[in-house]
Amino acid sequence: MTITELQNEIIRIKKEKDICILAHSYQAREILEVADFTGDSYKLSVDASKAPNKTIVMSGVRFMAETCKILSPEKKVLMPNPHAGCQMADQMGKELISEVKKQFPDYTVVAYINTTADLKTICDVCVTSSSAVEICSKIENKNILFIPDCNLGAYVAKQLPDKNFKLLSGGCPIHACVNVEDVKKAKELYPEAEVLVHPECTPEVTAMADYVGSTSGIMNYAVKSDKKEFIIGTEISIAEHLQYMCPDKSFHYLTLKLICPNMKATTLVDLYNCVNGTAGEEIILDDKTIADAKKCIDEMIRLG
Ligand code: 13P
Ligand code: SF4
């Protein structure tokens, strides 16, 4: 089958089976084209909870599919490629954070959404990269233990100097490997371009950027901007999507190190096999995990 034939089949089957397809903005263009909703992890978590369909297919990584299941436990939630994990989400488990919490009993535990459902069960509030500053600003407690991403945590702490942040040394290995030299080189190559980066990059890198924001934030900024040239400091797919969306502008990768193998793991064929019922994995979480993890996601939606 050609790509278009595969896409047409996916569209036909999803209608026939009442399936809603969600795709994170880092997914390939041919996947985004057949999705009902696309966007960053915050937008998708809200879209998933509002979708009327009985089955949700989450084309992204595992923590995103788990978040859909937590918000819609009555729905069948499938991920097309079960190997699509997230290196950051897999870094910290419940046992470790339970121990850390004992050292900081008067801290509100804020979990980046890039965490497992199991870890969310012992956290107080969830945040995403697009909502972290706003949500942390609305938390009454001055003391915040922010896990697992120390780079996003440092970025939020800088915006909220009145809060007292404790950070652990976790983070996204893909975004964290961008360095100052990479930014200098890209700026030398494209001196007219604005630098847009994700807050999962290090503080040294975000300090050199013209704009810091989530995947959707970066896309919206570039689309609306009067500027014509941009250096994109997040997963390389975002520069590609923007180039399609804005053919009159130029988008450059900050560095080719910004390739997430997990986000690239899901293919259009995986999606086709998932909707036709021959592949994929159903997300199964026990009732207690769902109920406990939901509290911190509900708190995010309430404050956001
Ligand atoms: P967003 O919250 O911007 O969607 O990012 C998710 C992610 O995994 C970034 O690496
Ligand atoms: Fe996880 Fe980093 Fe990939 Fe995002 S880019 S899914 S944080 S490993």
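Structural data are supplied above this passage.
Since this is a predicted model, take the numbers as computed values, not measurements. (Residues numbered from 1 in each chain as written. Chains lettered and ligands numbered in written order. Predicted model: local features only at pLDDT ≥ 70, side-chain atom pairs only at ≥ 80, totals over all residues. Heavy atoms only, no water.)

J.: What is the right way to read unusual backbone geometry from this model?
T.: That bond from I147 to P148 is cis: its omega, -15°, falls within 30 degrees of zero. When you line up the elements, P148 lands in the loop between β7 (143-147) and α8 (150-159). Backbone geometry at D18 places phi at a positive 55°, although glycine is not the residue there. Structurally, D18 can be placed in the loop between α1 (3-16) and β1 (19-24). (Helix = DSSP H or I, 4+ residues; strand = E, 2+ residues; numbered from the N terminus.)

J.: Got a minute to help me understand the site of ligand 1 in this structure?
T.: Contacts to ligand 1 come from H24, Y26, D40, S41, N114, S129, H175, H198, E200, S214 and T215. One of the side-chain N or O atoms of H24 is found 2.6 Å from an oxygen atom in ligand 1. Take S41: an N or O atom from its side chain is 2.7 Å from an oxygen atom of ligand 1. For the shell around ligand 1, the class distribution of residues is one nonpolar, eight polar and two charged. (Near = heavy atom within 4 Å. Polar contact = N/O pair within 3.5 Å; in protein donor to acceptor, adjacent residues only side chain to side chain. Nonpolar A, V, L, I, M, F, W, Y, C, P; charged D, E, K, R; others polar.)

J.: Can you help me understand the sheet that holds β7 in this one?
T.: To summarise the sheet geometry, strands pair through backbone hydrogen bonds and adopt either a parallel or an antiparallel arrangement. Read across the sheet, four strands follow the order β6-β5-β7-β8 without closing on themselves; strand pairing throughout is parallel. Strands with a single pairing partner mark the edges of an open sheet, and in this sheet they are β6 (125-127) and β8 (164-167). Ignoring strand direction, the axes of neighbouring strands in this sheet form an average angle of 30°. Pairing of strand β5 (residues 108-112) with β7 involves four bridges; the strand directions are parallel. Bridging across to β7, V109 finds its partner in L145. (Pairing = 2+ DSSP bridges. Axes fitted to C-alpha atoms, helices over the stretch in contact; angles between N-to-C directions.)

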